[in-house]
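Structure assessment
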Amino acid sequence: ERPDGKSLELWYVPDGKDAVSVGVLEDGTLDMGELKASVGDLLAISVEPVGGSPTGTATGPVVYTGKLVADPTGE
């Protein structure tokens, strides 16, 4: 749940590289655009000021991380 007066921002973290903002979570969907996700990379969500991080990196606490895994169905 989003804290009052804050935004939740989704970050894509390629293995061994700096995090890239995917965007502020508003309606549950985001387009990763040109980002090419790979198995083992991370997604993270941080609590940020309204509208997202003013610095281009996470400024608030990271409240979720998850590692991307292969789809077992091969789809």
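Residues numbered from 1 in each chain as written. Predicted model: local features only at pLDDT ≥ 70, side-chain atom pairs only at ≥ 80, totals over all residues. Heavy atoms only, no water.

A closer look at the environment of Glu 26
You can see Glu 26 is positioned in the loop between strand S2 (20-24) and strand S3 (42-49). Glu 26 sits 24 residues away from Arg 2 along the chain, and the two C-alpha atoms are 9.9 Å apart. (Helix = DSSP H or I, 4+ residues; strand = E, 2+ residues; numbered from the N terminus.)

Some words on the nonpolar core
Leu 8, Leu 10, Tyr 12, Val 22, Ile 45 and Val 47 together form the largest nonpolar core, which totals six residues. Breaking this core down by element, the ones donating at least two residues are strand S1 (6-13) and S3. The greatest single-element share of this core, amounting to three residues, is contributed by S1. When neighbours within four sequence positions are excluded, Val 47 is seen to be in contact with Pro 3, Lys 6, Ser 7, Leu 8, Gly 60, Pro 61 and Val 63. (Core = buried A, V, L, I, M, F, W, Y, C linked by side-chain atoms within 4.5 Å. Buried < 20%, exposed > 50% of the residue type's maximum accessible area, 1.4 Å probe, protein only. Contact = heavy atoms within 4.5 Å.)

Comments concerning the sheet that holds S2
Across the sheet, which stays open at both edges, the four strands sit in the order S2-S1-S3-S4 with antiparallel pairing between neighbours. The open sheet is flanked by S2 and strand S4 (62-67), the only strands paired with a single partner. Direction aside, neighbouring strands of the sheet carry axes that sit 25° apart on average. Pairing between S1 and S2: four bridges, direction antiparallel. (Pairing = 2+ DSSP bridges. Axes fitted to C-alpha atoms, helices over the stretch in contact; angles between N-to-C directions.)

Thoughts on the pairing of S3
Pairing between S1 and S3: eight bridges, direction antiparallel. Note on S3: the bridge partner recorded for Ser 7 is Glu 48. In this sheet, S4 lies alongside S3 in antiparallel orientation, the contact comprising five bridges. In the strand pairing of S4, Ser 46 is matched with Val 62.

Some details on the environment of Pro 49
Within the fold, Pro 49 resides in strand S3. Overall, Pro 49 belongs to the partly exposed group, its relative accessible area being 34%. Residues Pro 49 and Glu 9, 40 residues apart in the sequence, show an inter-C-alpha distance of 9.4 Å. Setting aside its immediate chain neighbours within four residues, Pro 49 contacts Lys 6, Ser 7, Pro 54 and Thr 59.

By themselves, these figures tell us nothing about what the structure is for.
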